[in-house]
Each structure stands twice: as structure tokens, then as C-alpha cells.
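# Observations on the model geometry
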Amino acid sequence: MASEMALEKARAAADAAEAAAEAARAAADAAQTYADQAASGAADAAGAIAHAASGGAIDPFVFRLAVFVLAIFVGYYVVWSVTPALHTPLMSVTNAISSVIVVGALLAVGVDAVAGQEANTAWAHGFGFVALILASVNIFGGFLVTSRMLAMYKKKS
Amino acid sequence: MTANIAAFLYLVSGVLFILALRGLSHPTTSRQGNFFGMIGMAIAILTTLGLAVPSGSGWVLIVLGLAIGGGIGAYIARSIPMTAMPQLVAAFHSLVGLAAVLVAAGAIYAPEAFGIGEVGSIHAQALIESSLGVAIGAITFTGSVIAFLKLDGRMSGKPILLPGRHVINIALAAAIVILIVALAMTESHTVFWLIVILSLVFGGLLIVPIGGADMPVVISMLNSYSGWAAAGIGFTLGNMALIITGALVGSSGAILSYIMCKGMNRSFVSVILGGFGGETAAAAGGGVEERPVKQGAAEDAAYLMKNASKVIIVPGYGMAVAQAQHALREMADKLKAEGVEVKYAIHPVAGRMPGHMNVLLAEANVPYDEVFELEDINSEFAQADVAYVIGANDVTNPAARDDPTSPIFGMPILDVDKAKTVLFVKRGMGSGYAGIQNELFFLDQTMMLFGDAKKMTEQIVKAM
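Residues numbered from 1 in each chain as written. Chains lettered and ligands numbered in written order. Predicted model: local features only at pLDDT ≥ 70, side-chain atom pairs only at ≥ 80, totals over all residues. Heavy atoms only, no water.

As a further point, take the overall build of chain B. When you go through chain B residue by residue, the secondary structure sums to 18 helices and six strands. Here the C-alpha atoms of chain B give a radius of gyration of 25 Å, agreeing with the 23 Å that 2.2 N^0.38 yields for 464 residues. Summarising its shape, the C-alpha atoms of chain B cover approximately 75 × 50 × 30 Å along the three principal directions. A burial count over chain B gives 59% of its 464 residues as buried. Contacts in chain B between residues at least 24 apart in sequence constitute 77% of all its contacts with a sequence separation of at least 6. Carbon and sulfur atoms make up 64% of the accessible area of chain B, which amounts to about 17,000 Å² in all. On chain B, the mean spot of the 26 positive side-chain charges and the mean spot of the 32 negative ones are 4 Å from each other. (Helix = DSSP H or I, 4+ residues; strand = E, 2+ residues; numbered from the N terminus. Rg over C-alpha atoms; globule rule 2.2 N^0.38 Å. Buried < 20%, exposed > 50% of the residue type's maximum accessible area, 1.4 Å probe, protein only. Contact = heavy atoms within 4.5 Å. Areas by Shrake-Rupley, 256 points an atom, 1.4 Å probe, with all protein chains shown as cover. Lys, Arg positive; Asp, Glu negative; His and termini not counted. Charge placed at Lys NZ, Arg CZ, Asp CG, Glu CD.)

Okay, the interface of chain A and chain B next. The interface of chain A with chain B comprises 89 residues on the first partner and 111 residues on the second. Of the roughly 9,000 Å² buried between chain A and chain B on both sides combined, carbon and sulfur atoms contribute 77%. If you sort the residues of chain A by the area they bury against chain B, Met91(A), Ile101(A) and Phe127(A) come out on top, with a joint share of 8%. Run the count over chain A and chain B and you get zero salt bridges. Our enumeration of links across chain A and chain B arrives at 19 residue pairs in polar contact (both at pLDDT 80 or more). (Buried area = accessible area lost by both parts, 1.4 Å probe. Salt bridge = Lys/Arg side-chain N within 4 Å of Asp/Glu carboxyl O. Polar contact = N/O pair within 3.5 Å; in protein donor to acceptor, adjacent residues only side chain to side chain.)

Along an α-helix, a turn takes 3.6 residues, which lines up residues three or four apart on a common side. Over its 28 residues, helix H5 (residues 124-151) of chain B runs 40 Å from end to end, which matches the ideal 40 Å to within 8%, given 1.5 Å per residue. Phi turns positive one or two residues past the end of H5(B), at Gly153(B), with a value near 75 degrees. (Expected span 1.5 Å × (residues − 1).)

Further remarks concern the UniProt feature "transmembrane region" (unreviewed entry) in chain B. Residues and elements named next belong to chain B. With numbering aligned to this structure, UniProt lists the feature "transmembrane region" (unreviewed entry) at residues 6-23, 35-53, 59-77, 89-110, 130-151, 167-185 and 191-210. Annotated as residues 130-151, this span is 100% helix and 0% strand, and its ends, taken at the C-alpha atoms, are 30 Å apart. As a span, residues 191-210 carries 85% helix and 0% strand, and end to end its C-alpha atoms are 30 Å apart. (UniProt positions renumbered as here; feature names shortened; annotations may be inferred.)

Our next topic: the packing of aromatic side chains. Counted according to the given criterion, the structure contains 13 aromatic pairs over all chains. Relative to Phe235(B), the ring of Phe68(A) lies with its centre 5.2 Å away and its plane at 75 degrees, an arrangement referred to as edge-to-face. Taken together, the residues Phe68(A) in helix H3 (residues 60-80) and Phe235(B) in helix H8 (residues 215-237) connect one chain to another. As far as the burial class goes, Phe68(A) and Phe235(B) line up, both buried. With a centroid separation of 5.5 Å and 50 degrees between ring planes, the pair formed by Phe127(A) and Trp193(B) is classed as tilted. Here the residue Phe127(A) occupies a position in helix H6 (residues 118-150), and Trp193(B) occupies one in helix H7 (residues 189-207), the pair thus bridging two chains. Of the residues examined, Phe127(A) reaches a relative accessible area of 11% and is grouped as buried. (Phe/Tyr/Trp six-rings, centres within 6.5 Å; stacked < 30°, edge-to-face > 60°.)

Together, Leu65(A), Val69(A), Phe73(A), Tyr76(A), Tyr77(A), Trp80(A) and Tyr258(B) make up an exposed nonpolar region whose accessible area comes to about 730 Å². Looking at which element gives the most residues to the nonpolar patch, the answer is H3(A), with six residues. Tracing the sequence through the fold places Val69(A) in helix H3. The partly exposed category is assigned to Val69(A), whose relative accessible area is 37%. (Patch = residues over 30% accessible without salt bridge, like charges linked within 9 Å, V, L, I, M, F, W, Y side chains within 5 Å.)

Turning our attention to the sheet that holds strand E5 (residues 421-426) of chain B. All names here are of chain B. Strand order in this open sheet of six strands is E3-E2-E1-E4-E5-E6, and the pairing throughout is parallel. Either end of the sheet is taken by a strand with one partner, and the two such strands are strand E3 (371-373) and strand E6 (446-450). Looking at each pair of strands side by side, their axes are set apart by 25 degrees on average, direction ignored. The sheet strands contacting helix H14 (residues 325-337) are strand E1 (310-315), strand E2 (341-346) and strand E4 (386-390), and the helix crosses E2 at an angle near 145 degrees. Helix-sheet contacts for helix H18 (residues 453-463) involve E4, E5 and E6, and the interaxial angle to E4 is about 145 degrees. (Pairing = 2+ DSSP bridges. Axes fitted to C-alpha atoms, helices over the stretch in contact; angles between N-to-C directions.)

One finds Met305(B), Ile313(B), Met331(B), Tyr388(B) and Ile460(B) to be the most contacted residues of the largest nonpolar core, which totals 192 residues. By residue number, the principal contributor to this core is helix H4 (residues 85-109) of chain B, which donates 16 residues. (Core = buried A, V, L, I, M, F, W, Y, C linked by side-chain atoms within 4.5 Å.)

Let us look at the environment of Ile436(B). Residues and elements named next belong to chain B. Summarising the element assignment, isoleucine 436 is placed in the loop between E5 and E6. A residue is classified by how much of its surface remains accessible, and isoleucine 436, at 14% relative accessible area, is buried. The spatial distance from the C-alpha of isoleucine 436 to the C-alpha of aspartate 394 is 8.1 Å, given a sequence separation of 42 residues.

All names here are of chain B. Close contact between H4 and H8 brings their axes to 10 Å; oriented N to C, the two are set at 20 degrees. In terms of orientation, H4 and H8 fall into the roughly parallel class. The way H4 lies across H8 gives a crossing that is left-handed. Between H4 and H8, the contacting residues are Pro86, Val89, Ala90, His93, Val96, Ala100, Val103 and Ala104 on the first element and Ile219, Leu222, Asn223, Ser226, Ala229 and Ile233 on the second. A breakdown of the residues in the contact of H4 with H8 according to their chemical character gives eleven nonpolar, three polar and no charged. (Parallel < 35°, antiparallel > 145°, perpendicular 65-115°, else oblique. Left-handed = near helix turned anticlockwise from the far one by under 90°. Nonpolar A, V, L, I, M, F, W, Y, C, P; charged D, E, K, R; others polar.)

What follows concerns unusual backbone geometry. Residue and element names in this part refer to chain B. A positive phi is found at glutamine 323, a non-glycine position, where the angle reads about 55 degrees. With respect to the secondary-structure elements, glutamine 323 resides in the loop between helix H13 (317-322) and H14. Note on glutamine 323: relative accessible area 36%, which makes it partly exposed. Unusually for a residue other than glycine, asparagine 365 sits at a positive phi of about 65 degrees. Here asparagine 365 lies in the loop between helix H15 (356-363) and E3.

Residue and element names in this part refer to chain B. Confidence in the prediction of chain B, expressed as mean pLDDT, is 87, and 95% of residues score 70 or more. Between residues 277-287, whose pLDDT stays under 50, and residues either more than four places distant or in other chains, the model counts seven contacts. As a predicted assembly, this complex carries a pTM of 0.83 together with an ipTM value of 0.88. (pLDDT = per-residue confidence, 0-100.)

Residues and elements named next belong to chain B. Looking at where aspartate 214 falls in the secondary structure, it is placed in the loop between H7 and H8. Look at aspartate 214 and you get buried, because its relative accessible area is 1%. Among the polar contacts made by the side chain of aspartate 214, one reaches the side chain of arginine 266 at a distance of 2.8 Å.

Laid out in C-alpha cells, this is it:
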């Protein structure tokens, strides 16, 4: 009798384990789907994985917003610690790094033509190409002019 | 490359950008910081190329674009004179703004490349994020172009006041908001371009009424805007590097604007509303100053400084205009050879952009540890034998400290009037940007040296 009950319990436990495994597999699948979606588009994996982990309850937007808000605080403290003597190089280097917008230009230039959307894709290529040139002027110009300035700051000999 | 690795690498490049700014806390670490920034940028570009591998023709365009843009950028960076730095920074801001507009246009025309849906069914959220980026980007573009023209002297630095400009601006801002909502609902390309056009007009109207002397605030503010525009696009792309960078640049520009406003004792709102420097200058031009001033020659100045034990040099925008920094360094070298202690005092709003004077002095090989900020050196004027004011004016006006009726009352100033002798290099008796008379000129210990800042300094060097 006792053994029968134990057997029953074990079976129930096995069922539960199976259900848990099933759930885990479903979650993994969901994560995989999200990851695939993200991979097919731009990089959105961090948000998507967290999205899946939270059971889909939290939108990736919230994660981006969190990063954004925290980065504003980081920027606030980092910039206050910049010495006033270097405020001009600060402006030119922030100029250079904001040209990381070049990633958007690269995506637009590199996109493959979608059937039925050839005209739109051609426009995107054009916009992306001009944006790429502008951003690269800024990247090279910004970093080089900053290093030229910084090379001039010397200590008393 | 998987999306996970890509997201991680974007994070790394964001962190490297933070380190780039962190390095600027001291001149010795700054070069390393700049190097971190370059690595961060390289990582971001390579990651994007690895994640969304371009087609064959795409590669050609990308290499071509990088080569053209990089070539132009490198050429400008090498050939630009240091005195032209404010207008160069303004021009670079305009490029970021325009690039943001174009990237968003690319996203609207080829949304599948950005993972935000397909043409006709782009997520509303992505549309709002990118249209915010577009609006701020377009404002940054025309605003920076106007700032560039003013700083480069191709457009009058005087504020240009349109009648009813506040009403026009508010109407434009409201129209842009309504259009953004309309775009989110319809995804119409026409509405998108309307947002671009209205924002371009808005950006121009916003900067046109702001006078040349307020440019330090404007240029920092546009710096901030270019960051927010990048962040808007970063949200659309879900790209960590862009979001982090946008936030960093946005807060950096905002802090610089705040420091500049404080340096002028003006509120940010009053700067934005514009008009400062125009009317007041005209009003002050009415009364001709009758009081006598003491005038001196280069020889007198040379004699006074040679026999001093401590000289504090106060440079301003006039030094930049006259390119007098090299002559100034020569003068300081001669004085140091005579055993005179020489220091430089920099007001936060001296020049046309934050840190403008420091860069010019560094260019002339003035060691950075001889250059001091207002709060670090102000107490030393009382022990100085000579204060040599070259190209600065309003930032030395004791009225800002003593006269509550003065329009610049409350503005922090360099206490040059506490020095035993004040040598004031100036072209003529005209007033500074605030359009008010400087009480300093009429003090007993002040000697006016009329002439071009560079020529006068060279004559002093010769007379030593």
C-alpha cells in the first residue's frame, strides 16, 4: 500500500517535472524566437532576452529607457569632472562620438532590396550613403582635431 | 555574428565612450581617453557590418562613403586654424543633425533593415521615436548652420529680431507635435518630410535672434541637441551604443550650457529668447563718455611689467580675433626670464565657446599649469602688481560686483581692479558686448593701451 502511494507520488513528481521542463522549453523557444527576430533585424537582443525572461510582461522599450536614464546620470557625473581647461576638446570629442549614428547609416546603405519595394530601398540607399559621408566627416574630423588639440596641452617644463 | 554578441559589443563601445569623456578630467589622461573613443567607434562600425552583412553593392557604397567622408574630415582636422574652432564645432554639430534626419528617412523607407516592421506597417512606437530624433536633428542642423555663419563672421553677430517671433515659434512647435502624432497614425512619407521642413525652419528661427556674445551658450545647447537627436534614433534602432552616446552628449551639452549661463549670470530661457546685446548697445551708444582716462605707450607697459614681481594676464575674445596668443607667450617668457611670476586668468565665458582661451594658449605653448580658472585665481589679484587685460572687457567690469543698477550686476567677474596697476589693451573706447561702460577704465591705477592686441603686445616685447 505504502509502496503504491510512493509510486503515485513519484509519478506526480515526474509529471510536475515534465510540466516544468515543458515550460522551460517553451520559454527557451520564446527566447529563441525573440532572439531570431532580433537577429533578423537590428541588435535588440538584450531587450528581447530580458523581455522573454520577464514572461513578455516588460517591453524592450523599458530596458532601453533604463539604459538611457542611467547613461544620463553617468554623463552628468563624468562631465562635471571634466576640467574647464578641456571644455573645447570635450565639445569636439562629444561631437565625434555622437557620430556613432553612423551605425544607422550603415544599415540603410547595406539593406537588400525587398521585392515590390525597390524604389523605397533605393531611396534608403541614397539617404544612408549621404548620412554615411556626413557621419564619417565627423568621426575622422572630430577625433583627429581633438587629438590635435590635446597634443598641445603641455606641463611647465 | 549573433544578436547577443552584437548587443554586448555595442555596450562595450558605449563604455569606451564614457571612458573617453572620463579621460578629459585631466590633460595627462585626455589623450588616452580620446584613443578609447576611437576604439569604441571602430567597434561600433565593425559590429554593425558583422551583424547586418551588406550586399555586394552595399560594400562598395560603404567603403566609398567612409573614404570620402573620412578624407574630408581628416583634411579639415589637419588644416583648420585653432582660432576657427568655435565655427568648426558648430559645423560638425550641423552634420550630426543632418545625418540623424537622413538615417531616420532611411528607416522610414526601408524599415526591414532596422527591424522595425515593413513599409506600411512600421510600429507606431518606432515612428514616434524616430520622428522625435528627426525633429531634433533638423533643428540642430539649421540652428548650427546659423551659429556657424555668425561665428565665422559671414552673418552679422547682431541679434535679428523678427516681429512676433515668439508666436511663430510656438505655432511651429505645436505644428511639429501634431505632425508627429499624425505620422504615428498614418506613416505617410509626406507627413515625415513636413516634419523635417518645419523643424528646419524652427531651428533657424530659434538661433537667428541670439547675439554673437551668447554663442558660448548656443553652441553648447546645440551640442546637447545633437546628442538627444542621436538618442532618438538609438531608440528606433534599439542600439545601446547610440542610446548611451546620445545620453552622454545630451547631458554634456546641457551642463556646458548651464556653466556658460552661470558665467554670464543669465537664465537659459533669456538666452534662448534672444535679443541680448542689440538694443542695449544702441541705447548706450547715445551718451558720449566725457571722463578722462590715463593713456600709456608700450614702453610704459614694458617698464611696469619688468619691474613687477607678479603679473596676471587676462585674455578675452579680442585676443582670439587679433591672434595675439603667440606674442603674449613671448612676452610672458621675457617676463619670466626677468624673474617675474606670470599667471593667466580665464573667465568661464571668455571667447566664443567653452574653453576657447585655454586651447589658444595651449596652441602658443603656454603650460596648462600656469592657466587658472576664475575661482582659483580671483583672490590673487590683490597681490598682483600688474593685471594685463588683453581682449577682455565686460568680464572685468567692477560694476557687475558693485553697482546693483548695472545690467550685468551679479555676473561673476575677475577682480582685476584689485591689482596695483591695470594695463588694458583695447582698440578704442567702445563698449563690450553688453553695451555698457566699463568703470575700470576710469580708475586711477588703470592705464589704457590703445591699439591692436597683437601689435601692442609685440611692441611691449620689443621694449623689454
